[in-house]
Amino acid sequence: MTALLALLLAPLFSGTVKWLKARLTHRQGPSPLMEYRNLAKLWRKVWVVPHPTTPLFLLGPIMALLGTLGALALLPVLPGLAFRGDFLLALYLLGLGRFFQMLAALDAGSSFGAQGSYREGVVTVLAEPGTLMALAGAVLLGEGFSLSGLPQLGVENSLVLLLALASLALALLAEGARMPVDDPTTHLELTMIHEAQVLDHSGPLLALYELAGSLKMLFYAGLMALLLPGSKPLVFLGVVGAWVLVLAYLETYGVKLRYLRLPDFLSYNTLFGVLALLGAIWRF
Amino acid sequence: MALLNTLVLAILATGFLMVSRRSLDAIIRLYALQNILLALVSFALAGGEVHFIVAGLALFAVKGVLIPWYLFWLIDRLEVSHEVEGYLSVSLSLLLAGLLTALAFRVGKVFVLPEASLPQGVPVALALVLLGILSMVSRKKAISQVLGFLALENGVFLMALSESHGLPLFVELGVALDAFAAVFLAGILIFRIKGEMGHVDTARMRSLRG
């Protein structure tokens, strides 16, 4: 259910960010609905498969999308399935998608793809422990050890949940290949992470990647919405709207961090994660 | 209560950022912000008592405006680079800061007095003291060590505020002025160091000369 909602919402999300970014720099900008047309256009195009590739090349975009959709399906924004430990499955379904994306980029054998893959690998390694610990901390405070039993922001658990929210926010920027970590609009080989990976894919395969990319961000926005009080679908829409504003602002006025400074940036993520987990165990 | 919680957490966040940022300007601005947040806490705890409001205003004026302004003037006059040099990398100092904060939260509950006015402020105050000590020992430049001392002093202030419903007004004012005097003297000392040695790097001061 959540996955379907997110699938409908994802192009609108990235389209709105693009539109708002254009408006902030006093340009006309494409309509927020442009992204749907863009995806449809990409879908109709032929795809080019580089010669010495294996089926992994095709599997990459498909698994990236399926993994992200699977992770989103486990988010109880709209009522869905829930079981003990589903947050681990959700996070690692996302990781599975990313793994195949990295393999597909390596498969084409171009230096760009390899570069993008190893950078993506580093970002993932840096962002994963913090995210996992932050979520685990939040889940420990709830009941059932499951995403559906997550506690909501209140007076007595505010510390742990605020730390978890901060950690997830940083993870969203890193995993979504957004501004301080990666510039989604750059085409400079020194700075590209995500773009370099999808460079060899075209047509429908590129459309799948684009969709998976915005879905990934909606997944983190959904996680944050679960921690906030209120009616879940409404909060989800609110969080997504807030992220549109934040991303547009960051990418208009922010600067991209140098790649070697990335560990410093993501160490905040890990720190918040560790503190959230300690807070949940020791009941700060 | 939610407002006070948010303020206290924001103070802790400024403490973290002061440990991890690598630009002196940013650290001084964070210090000013920390003091403004502390002043807001004392306004929020006032409950109509005048001496709280006066103490908060004095805090705001002396530590939120005067000291940061003096420090900016100082680094301008010293003509040193605005980068903070430390013995630890950013990630390592953040990790240590996290461990110290966890420790402070773990042991903080023991220190809460029964009539404390802001029980959740005590662990944060302890954490600030520890973070101040951390940034004092992990940095090379004399100015950033002064900033660590100032953060430590803020921790002590927050502790007094949250434990005992505030110190008497005169003690409060005295402490604020003391901090300013200490920073002023440290500034003179740093000028002397710069004049004698040509740098303010404590890592290079190894031998005692007569």
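Fair warning: this is a prediction, and the values are worked out from it, not measured in the lab.

Student: Summarise the overall build of chain A; cite the residues concerned and give the values.
Tutor: Across its full length, chain A holds 10 helices and zero strands. Compactness check: chain A gives a C-alpha radius of gyration of 18 Å against a globular reference of 19 Å for 284 residues, within 12% of the reference. For chain A, the spread of C-alpha atoms along the principal axes amounts to about 55 × 40 × 35 Å. Buried residues in chain A amount to 55% of all 284 residues. Counted over contacts in chain A with a minimum sequence separation of 6, partners at least 24 positions apart contribute 76%. Of the roughly 12,200 Å² of accessible surface on chain A, 71% is carried by carbon and sulfur atoms.

Student: For the packing of helix α1 (residues 2-24) of chain A against helix α8 (residues 204-227) of chain A, give the residues involved together with the corresponding values.
Tutor: Between two packed helices, what matters for the description is the angle formed by their axes and the separation of those axes. All names here are of chain A. Relative to each other, α1 and α8 sit at 100°, their axes nearing to 9 Å. Compared by their axis directions, α1 and α8 come out roughly perpendicular. Facing Ala-6, Leu-7, Leu-9, Ala-10, Pro-11, Phe-13 and Ser-14 of α1, the residues of α8 in contact are Leu-211, Ser-214, Leu-215, Met-217 and Leu-218.

Student: Any details on the packing of aromatic side chains? Residues and values, ideally.
Tutor: Enumeration according to the criterion identifies nine aromatic pairs over all chains in this entry. With 5.6 Å between their ring centres and 75° between their planes, Phe-99 of chain A and Phe-100 of chain A make a pair best called edge-to-face. Looking at Phe-100 of chain A, the relative accessible area reads 16%, which means it is buried. Relative to Phe-184 of chain B, the ring of Tyr-70 of chain B lies with its centre 5.4 Å away and its plane at 35°, an arrangement referred to as tilted. You can see Tyr-70 of chain B sitting in helix α3 (residues 50-78) and its partner Phe-184 of chain B sitting in helix α7 (residues 169-197), a full 114 residues away along the chain. Relative accessible area serves as the criterion here: at 7%, Tyr-70 of chain B is assigned to the buried category. Taken together, Tyr-70, Trp-73, Phe-180, Phe-184 and Phe-191 of chain B form an aromatic cluster joined through their ring pairs. Over the ring of Tyr-259 of chain A we find Arg-119 of chain A, and its NZ or CZ is 5.1 Å from the ring centre.

About the thresholds
- Residues numbered from 1 in each chain as written.
- Chains lettered and ligands numbered in written order.
- Predicted model: local features only at pLDDT ≥ 70, side-chain atom pairs only at ≥ 80, totals over all residues.
- Heavy atoms only, no water.
- Helix = DSSP H or I, 4+ residues; strand = E, 2+ residues; numbered from the N terminus.
- Rg over C-alpha atoms; globule rule 2.2 N^0.38 Å.
- Buried < 20%, exposed > 50% of the residue type's maximum accessible area, 1.4 Å probe, protein only.
- Contact = heavy atoms within 4.5 Å.
- Areas by Shrake-Rupley, 256 points an atom, 1.4 Å probe, with all protein chains shown as cover.
- Axes fitted to C-alpha atoms, helices over the stretch in contact; angles between N-to-C directions.
- Parallel < 35°, antiparallel > 145°, perpendicular 65-115°, else oblique.
- Phe/Tyr/Trp six-rings, centres within 6.5 Å; stacked < 30°, edge-to-face > 60°.
- Lys NZ or Arg CZ within 6 Å of the ring centre and 35° of its normal.

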